[in-house]
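An overview of the molecular structure
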Amino acid sequence: MISPEMSIPEIIEQFPATQEVFKRHGMYVDGYKALEYENLVATSKVHQLDLTALVAELNQVAAG
């Protein structure tokens, strides 16, 4: 299960299919090193995304 405290690299490593969600929302940089230390809370604020909806979407994709 993906939580708001997780970082993008951590999520992608555990659930590779979620990479497409990050790309769709403009949150993915190839190699994702720039986002290594940001969790979903911080990243969703920067990209002005609804955190609850983002986590739900990621969990849906991660579940397959």
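Quick note: structure is the one above.
A brief structural summary. Model, not experiment: these values are computed from the prediction. (Residues numbered from 1 in each chain as written. Predicted model: local features only at pLDDT ≥ 70, side-chain atom pairs only at ≥ 80, totals over all residues. Heavy atoms only, no water.)

1. Observations regarding the overall build of the protein
Rules: Secondary structure follows DSSP: runs of H or I at least 4 residues long count as helices, runs of E at least 2 residues long count as strands, and numbering of each begins at the N terminus. When a residue's accessible area, from a 1.4 Å probe over protein chains only, is under 20% of the maximum for its type it is buried; when over 50% it is exposed; and in between it is partly exposed. The contact rule is simple, with two residues in contact once any of their heavy atoms fall within 4.5 Å. Using a 1.4 Å probe, accessible areas were evaluated by the Shrake-Rupley method; residue-level cover was limited to the displayed protein chains.
When you go through the protein residue by residue, the secondary structure sums to 4 helices and 0 strands. Its helices and strands taken in sequence order, the protein reads α-α-α-α from the N to the C terminus. The proportion of buried residues among the 64 residues of the protein is 33%. Counting contacts in the protein only where the partners sit at least 6 residues apart, residues at least 24 apart contribute 54% of the total. Working note: accessible area of the protein is about 3900 Å², and carbon and sulfur atoms make up 53% of it.

2. Focus on the nonpolar core
Test applied: What makes a nonpolar core is a set of buried Ala, Val, Leu, Ile, Met, Phe, Trp, Tyr and Cys residues whose side-chain atoms join them at distances within 4.5 Å.
If you look at the biggest cluster of nonpolar residues, it comprises 12 residues: Ile-2, Met-6, Ile-8, Ile-11, Ile-12, Val-21, Phe-22, Met-27, Leu-40, Leu-54, Val-55 and Leu-58. Taken together, the elements giving at least two residues each to this core come down to helix 1 (8-14), helix 2 (19-24) and helix 4 (51-63).

3. Describing the pattern of salt bridges
Defined as follows: For salt bridges, the criterion is a side-chain nitrogen of Lys or Arg within 4 Å of an Asp or Glu carboxyl oxygen.
The full count for this structure, using the stated rule, is 1 salt bridge. Between Arg-24 and Glu-57 there is a salt bridge whose closest N-O contact spans 2.5 Å. A residue pair is termed long-range when its members are at least 10 positions apart, and Arg-24 in helix 2 and Glu-57 in helix 4 qualify at 33 residues. The exposure class of Arg-24 is exposed, given its relative accessible area of 54%.

4. Side note on helix 4
The line we're drawing: A helix is expected to reach a length of 1.5 Å times the quantity of its residues less one.
Compared with the 18 Å implied by 1.5 Å per residue over 13 residues, the 18 Å span of helix 4 between its first and last C-alpha is a close match. Looking at the residues trailing helix 4, positive phi occurs at Gly-64, about 90°.

5. Looking at unusual backbone geometry
Positioned with a positive phi, Gln-48 is a non-glycine residue whose angle comes to about 55°. Relative to the assigned elements, Gln-48 resides in the loop between helix 3 (40-46) and helix 4.

All we've got here are geometric facts, nothing functional implied.
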